[in-house]
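Here are the chains, one letter per residue:
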Amino acid sequence: MRRGSTLTLLILIILLAMGASFVVFWPNASQQGGKPLYGINNPFQVTLGLDLQGGVRALLIPNETKQPSDENMNTARTLIEQRVNKGLGVNEPVVRTQKSLDGQQSIVVELPGYNTGNQQEEIETLLKTGKLEFWNTGPTPLQNDTMFDPEQFKQYNNNSTEPLFKGDDLNSPDLTVGQNPQTGQYVIQFAMKGSAVDRLSKFTANNRGSYMTITLDRKVISSAVIQDQLPGKGEISGNFTLQEAQQLVQMLKIGALPISFKIASMDTIGPTLGHDSIIKSIYAGAIGLAIIILFMLIYYRLPGLLADIALILYSLLTFAIFKMIGVTMSLAGIAGFVLSIGMAVDANVLIFERVKEELREGRLLAQAIDHGWSRAWPSIRDSNISTTITCAVLYIFGTTFGATIIVGFATTLFLGVVISMFTAIVVTRTFLNLLVPTGVINHPALFGLPFGTTGTTRTKETHTDENAHIFHLAKHRYWFLGVSLLVIIPGIISLFAWGLNVGIDFKGGSSVELVPQKTIANTEDVRDMLKPLNLHDLQVVFSTNEALQPSKKVWIQLNTQVSKNVTDYITNTLQKKYPKSQIQLGIDTYTDTNGKSFSVVAVNGLNPIPSTDELKQVLGTLPKSSEVTNNEASAQPTATAQATSTPSATATAQPTATSKPEEGTIPVNIVNITTGDPGQKGQTISLMTSTSFEGKGPVGSIQNEFLKHGIYTQLQSSSHIGASVAEQTRWYAVYAVAAASAMILLYIWFAFRKIPRPWRYGACAIIAMLHDVLIVIGIFSILGHFFGIQIDSLFITALLTVIGFSVHDTIVVFDRIRENMRISTTETFEQVVDASLVQTMARSLNTSLTVLFTMLSLTLFGGSGSVHTFTLCLLIGIFCGTYSSIFNASMLLVVWEKGELGLKWLRRKGNEEPSGKRSHVSDRELARSRG
């Protein structure tokens, strides 16, 4: 490369680094109190997920008095999720169904970081059922926004209250937003489909001069005179703003809701992860990145240093683009970003290994760099094109069917592939080309090679193929394939026997909302308090609702279930001490894990509210409790067999002279006194767990655990919740992977078309990929059954990552086999495979190590259980992917080529030899002639 071109690229790299640094580090005006720093504003902000920043939660309930069916609720959930994604532009929302214990159905929508100041009205717009209908109103035009009554216009509509056309008659791809060139108003352009094309044409031809009125949810949005025949298409003009027109188009494309909804409540919710978990995960990612940088520096010396600089630039560019296009960064997104850094090393590793090979053969440094890059390029190209194909197929499936998890993964993976190729091919090479003419990098030790390997003159060729045959890997192919079967078979048996232990994202569970009467600062504190209950897949969210004001109460936790004589004593004693009070008592009864009942007395109306120490002194020694009788049931609820929070019974105190209470038989002691926290406005704790709650017992157990830490909680609601990942989304992922596999098979067949039977390479790559998927799923089935490890929505993301890594790794190995088949004239196919595996072994292991470093760091030092599952899946998958690319895919090629294991019938009869062995020289000559 000419020096002038190199300097041009260097300037481009510096400008990109400066621009990316500005986007990543320069503060937004909102971070500076509305004033841009030095008058320069950074318009881009990081879009954080629910787990990192919280957002808005809306509770949607059906308008119908009759409870809708589960099928309609699930359909509505899917459609609302699609509307939120496309209509509001919110990435990674959480939309789930829930059913309260009394049977009330609802849908919960959680939107990360969504705060426009007008969010309630915008969400209400999306809740329109979206039933578009076309009517003939004869000579009568109707005003926009008026309600339409079909009975008044039956005579013009075939004497029916049914519309002439519906939204289902519209061809979805033809729905677009346009602009009237004369009025400048935004319009919705549409075209009919099927039989509706002819029906619209005939209707407009026969009804010139009549008014066609279009309604949305029976509200008029357009009423225009029919002037001429419409050829199956037209436009809707309804005084729309651009945003209204775009939202209506998306609504019509997605489809009408089967149920109408209204917003029952809207809260501001906090992050699902505690601050400690976030910090730990960020530190873990930083540790993993530091290990990668150190590894590259030690192993590859000077090229490793340059690759580290390129990796830093990769990180800057990737994060800058994430900010610019609004990629939602959840904790899993951060983990995926760190993972992509590890995978970005791959292209550098490929190039450096090829450069070292060229140097070993005695080439000059400049020649070695050029040859190394050109020889590494086919592997980089084919592996990354295969990954890009996977991204494209996943993206198309995700957008078509509204599977946001798949869309987000495909987008971030594609960006990572493109940027990593740029930094490896352009940035690292530019740095090396700048240093070569200076002569400062001619020392072989800078490349990790023995002295004399490089120099200013070419030395004799010292590399031979003898080292390539030290390891006869193909000779032991059945051992390698047998090891895979030994791992896969138990997993398959486990899958059929026990399946996967799915978490709340896939199967739903239970939801509890509690109002604490004492400030809880961190969600991790809640998790610690509830650990004794072993609630699976527990998610904790703090929300704020200004309508919920803290109670100025006192809660007295007692060691036993109390009777009326004790409550009378408390009432009279407090009323006498604080005469301005209007004492009211409420009694809640719980049962601890040992089956022993105890009470919590809620004291309301105290004026003033004293300190807990003062209250203990005022109450002194409580009288013994009498045994509870049926006559006292109104004042004291009886304990249930399980831990239960009963409705509070209240008793208003009448100021009377305090008399000595009747002595009972059970000693009563004050366990704890808690006072309300007036400074905490409207805090609610939302708990979601895959553990199914039956009755109110488990809720009482949760409240009991809070009481042990001196926090009284008031129950707001308890519900059964549905899955946030719809069942069809899981199948869409399967279909997408199948389609991507077919596309990869076709591409490999095309890329390897110059060697005999190229489709075998694609088939073996797909088999190796299935091997990795089956092992990961099987191991998680076993872990789920014996250790209770549950999978969540991140499992899909991790599995898709494993698939991409597996195919990428295998193609690199196959690429070397293809190259060696063209240049070797005497070796058998088995020997070619052995040589190719040895030559690519360092690359395969080094790439896997860099990824494993980051995953191990996140597993050991990360702070969230969900990310631990994500990284564990990746650890297993990447290890299996490395194994399968070396010891499975290539071994299957050898087995297939030699006609073993019943595959002999697939070979061409003319190429077979009686012994089942052949030299493959003719195939190799054919490959060279095609090359």
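Note that the structure is a prediction, hence the values are computed from the model and not measured.

### Quick word on the sheet that holds strand 3 (residues 94-100)
Here's step 1: Taken together, the eight strands give a closed barrel; going around it, the order is 2-4-3-22-14-21-15-12, and neighbouring strands pair in antiparallel fashion. Taking each pair of neighbouring strands and ignoring which way they run, the sheet shows an average axis angle of 35 degrees.
Here's step 2: Across three bridges, the pairing between strand 3 and strand 22 (residues 713-721) is antiparallel. Within strand 22, the residue paired with Lys99 across the bridge is His720.

### Side note on the confidence of the model for the protein chain
Here's step 1: On average, the protein chain scores 77 in pLDDT, and the residues at 70 or more come to 79%.
Here's step 2: Across the protein chain, helix 11 (residues 477-497) holds the top mean pLDDT of 93, while strand 19 (residues 649-652) sits lowest at 38.
Here's step 3: Contacts from residues 454-469, a stretch scored under 50 in pLDDT, to residues over four places away or in other chains number 32 contacts.
Here's step 4: Scored below 50 in pLDDT, residues 903-931 shows 59 contacts in the model against residues more than four places distant or in partner chains.

### A word on the sheet that holds strand 5 (residues 132-136)
Here's step 1: Strand order across the open sheet formed by four strands is 6-5-9-10, with antiparallel pairing between neighbours. Strands at the two margins of the open sheet, each flanked by one partner only, are strand 6 (165-166) and strand 10 (219-225).

### Brief notes about helix 22 (residues 889-897)
A turn of α-helix holds 3.6 residues, and therefore any two residues three or four places apart point the same way.
Here's step 1: Among the nine residues in helix 22, eight count as buried, and that is most of the element.
Here's step 2: Regarding helix 22, the residues found buried are Ala889, Ser890, Met891, Leu893, Val894, Val895, Trp896 and Glu897.
Here's step 3: Two residues or fewer past helix 22, Gly899 is found with a positive phi of approximately 70 degrees.

### Re the packing of aromatic side chains
Here's step 1: A complete count under the given rule lists 17 aromatic pairs for this structure.
Here's step 2: Aromatic side chains Trp135 and Phe148 sit 4.7 Å apart centroid to centroid with 40 degrees between the ring planes, which places their arrangement in the tilted category. With Trp135 in strand 5 and Phe148 in the loop between strand 5 and strand 6, this residue pair connects regions lying 13 residues apart in the sequence. In this structure, Trp135 and Phe148 share a single accessibility class: buried.
Here's step 3: Pairing Phe480 with Phe887 gives two aromatic rings, centres 4.6 Å apart and planes at 40 degrees, and the pair type is tilted. Here Phe480 is found in helix 11, whereas its partner Phe887 is found in helix 21 (residues 865-887), with 407 residues between them in sequence. Take Phe480 and Phe887: they sit in the same class, and that class is buried.

Conventions we followed
The residue numbers shown here count from 1 along each chain, following its written sequence. Given that this is a predicted model, residues contribute local features only at a pLDDT of at least 70 and side-chain atom pairs are listed and counted only at 80 or more, while totals for whole chains, interfaces and linings are drawn from all residues. The side-chain figures draw on all heavy atoms in the structure; neither hydrogens nor water molecules are used. The rule for pairing is simple: two strands pair if DSSP sees at least two bridges between them. Each helix is a run of H or I in the DSSP string that is no shorter than four residues. Each strand is a run of E no shorter than two, and both are numbered from the N terminus. Where helices are involved, their axes are fitted lines through C-alpha atoms of the stretch in contact, as for all axes, and angles between N-to-C directions lie from 0 to 180°. Each residue carries a pLDDT score, the predictor's confidence in it, ranging from 0 to 100. Two residues qualify as a contact provided that any one of their heavy atoms is within 4.5 Å of a heavy atom in the partner residue. Only protein chains enter the accessibility calculation, which uses a 1.4 Å probe; a residue whose area is less than 20% of its type maximum is buried, one above 50% is exposed, and one in between is partly exposed. Each aromatic pair joins two rings of Phe, Tyr and Trp (for Trp, the six-membered one) with centres within 6.5 Å, and gets the label stacked for planes under 30 degrees apart, edge-to-face for over 60, and tilted for any other angle.

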